[in-house]
Amino acid sequence: METVPTLDVFARSRSRGRRLVLLTAYDVPTARLAARGGVDALLVGDSLGQVLLGHTSTLPVTLAAMLHHARAVTRAGTGLPVIADLPYGSFHIDPRRTVRAALKLVQQARVQAVKLEGGRRRRDHLAALQDAEIPVMGHLGLTPQSLNRFGGYKVQGRDAKSAEQLLADAQFLDEAGCFAIVLECIPAALASRISASVSIPTIGIGAGVGCDGQVLVIHDMLGLQDDFQPRFVKRYAELSGAAVAAIAAYAEDVRAGRFPTPAHSYDDAHGAAAETGDHGRRDDTDTRNR
Ligand code: KIV
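No experiment lies behind these values; they were computed from the predicted model shown.

**A few points about the site of the ligand**
Part 1: Neighbouring the ligand are Thr 24, Leu 43, Gly 45, Asp 46, Ser 47, Asp 85, Lys 115, His 139, Val 182, Ile 205, Val 215 and Val 217.
Part 2: Between the ligand and Asp 46 there is a distance of 3.1 Å, counted from an oxygen atom to a side-chain nitrogen or oxygen.
Part 3: Between the ligand and the protein, one listed contact pairs an oxygen atom with a side-chain N or O atom of Lys 115 at 2.9 Å.
Part 4: Here the ligand has 260 Å² of accessible area as a free molecule, and 96% of this is covered by the chains.

Okay, here's the thing in structure tokens:
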């Protein structure tokens, strides 16, 4: 029987002082790569707007897009808990609309939880989600859906007043029943202070080492996006260079007649496998059976 992934790892890791590792995933390959690398949970972030869809912010990302990608991530069958972002607009009007959006993510895309940006101003939406038994991950700091209000992608909580507001928002999210809070682009000292003052794990991105865990966008840390390297990203690979080199080699081979070779070709019903170099692999149905 299929085992249902749970969110237990969040509370367990915090109580054991073990740091949580999260990555974004947007489809089957990224979900499986992240799982094979040993992360604790997958986040279907609305960063897919920029990373996959060519938007300049997360604001145009629709619920339909979130459902499409979240379905693919859960279909990957990694056994890891999957959290999906509630997109912009889904928790800014009527809390019933928020619950409807979250229910779709849980029922149709089979995610374990949703993530929602903001603190005390989301009080009613959070309460409605709790009533609907939907676990919520909070998100404070440089919340990308607040881009226009912030006037750009700017580090948050640098002055005493906004730091106190973030601290109060974190405590509110804890009391409101969130199971974790993402802290994005805030000073490291403030993130440590928040982490020490709440009972749930904090997951940092651009928030220093004092959080209970970290999250990165998978395309950023794999170096799949040449043109985006903010301070908070550490690149663990340079895959875009490797991918471009591989594609260039393929193009050269095709143009020079070096690909395909007999080893990549099929013989006819009378042909000899040895001549075509297919090593006796005669079953054409294997071509798509990975
Ligand atoms: O959308 C996203 O990928 C996120 C993470 C970067 C926290 O919200």
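**Examining the packing of aromatic side chains**
Part 1: What the rule picks out here adds up to two aromatic pairs.
Part 2: Ring geometry for Phe 10 and Phe 179: centres 4.9 Å apart, planes at 75°, overall edge-to-face. With Phe 10 in helix H1 (residues 8-16) and Phe 179 in the loop between helix H8 (160-175) and strand S6 (180-184), this pair connects stretches of sequence that are 169 residues apart. Across the pair, Phe 179 and Phe 10 agree in class, each one buried.
Part 3: Judged by centre distance (6.1 Å) and plane angle (70°), the ring pair of Tyr 250 and Phe 259 falls under edge-to-face.

**A closer look at the packing of H8 against helix H9 (residues 188-197)**
Part 1: Between H8 and H9, the shortest axis-to-axis distance is 10 Å and the interhelical angle comes to 30°. By the angle between their directions, the pair H8 and H9 is classed as roughly parallel. Crossing geometry of H8 relative to H9 is assigned as right-handed. Only Leu 190, Arg 193, Ile 194 and Ser 197 of H9 make contact with H8, whose side of the interface consists of Ala 163, Glu 164, Leu 166, Leu 167, Ala 170 and Gln 171.
Part 2: Of the residues that constitute the contact of H8 with H9, the class distribution is six nonpolar, two polar and two charged.

**Details of the pairing of S6**
Each regular strand displays side chains that alternate between the two surfaces of the sheet.
Part 1: Most of S6 is tucked away, with five of its five residues classed as buried.
Part 2: Residue alternation in S6 divides its side chains into two sets, Ala 180, Val 182 and Glu 184 and Ile 181 and Leu 183, and both sets are buried.
Part 3: Relative to S6, strand S5 (residues 136-141) runs parallel, the two being bridged by five bridges. Bridging from a neighbouring strand, His 139 pairs with Val 182 of S6.
Part 4: In the classification by handedness, the crossover that spans S6, the intervening H9 and the parallel strand S7 (residues 202-205) is right-handed.

**Considering helix H4 (residues 63-75)**
An α-helical segment advances 3.6 residues per turn. Residues three or four places apart therefore align on the same side.
Part 1: Here H4 contains 13 residues, and its C-alpha end-to-end distance of 18 Å stays within 8% of the 18 Å for a straight helix at 1.5 Å per residue.
Part 2: Those residues of H4 that are buried are in contact with helix H2 (28-36), strand S2 (41-44), helix H3 (48-51), strand S3 (82-85) and helix H5 (95-107).
Part 3: The positive-phi residue at the C-terminal boundary of H4 is Gly 77, with phi of around 60°.

**Some remarks on the packing of H4 against H5**
Part 1: Direction vectors running N to C along H4 and H5 enclose 20°, while the axes themselves pass 10 Å from each other. Between H4 and H5, the angle is such that the two are roughly parallel. Considering how the two elements wind past one another, H4 and H5 form a crossing that is right-handed. Contact residues: H4 offers Leu 63, Met 66, Leu 67 and Ala 70, while H5 offers Ala 101, Lys 104 and Leu 105.
Part 2: Its residues assigned to classes, the contact of H4 with H5 comprises six nonpolar, no polar and one charged.

About the thresholds
Residues numbered from 1 in each chain as written. Predicted model: local features only at pLDDT ≥ 70, side-chain atom pairs only at ≥ 80, totals over all residues. Heavy atoms only, no water. Near = heavy atom within 4 Å. Polar contact = N/O pair within 3.5 Å; in protein donor to acceptor, adjacent residues only side chain to side chain. Areas by Shrake-Rupley, 256 points an atom, 1.4 Å probe, with all protein chains shown as cover. Phe/Tyr/Trp six-rings, centres within 6.5 Å; stacked < 30°, edge-to-face > 60°. Helix = DSSP H or I, 4+ residues; strand = E, 2+ residues; numbered from the N terminus. Buried < 20%, exposed > 50% of the residue type's maximum accessible area, 1.4 Å probe, protein only. Axes fitted to C-alpha atoms, helices over the stretch in contact; angles between N-to-C directions. Parallel < 35°, antiparallel > 145°, perpendicular 65-115°, else oblique. Left-handed = near helix turned anticlockwise from the far one by under 90°. Contact = heavy atoms within 4.5 Å. Nonpolar A, V, L, I, M, F, W, Y, C, P; charged D, E, K, R; others polar. Pairing = 2+ DSSP bridges. Right-handed = clockwise from strand over helix to strand, strands pointing away. Expected span 1.5 Å × (residues − 1).

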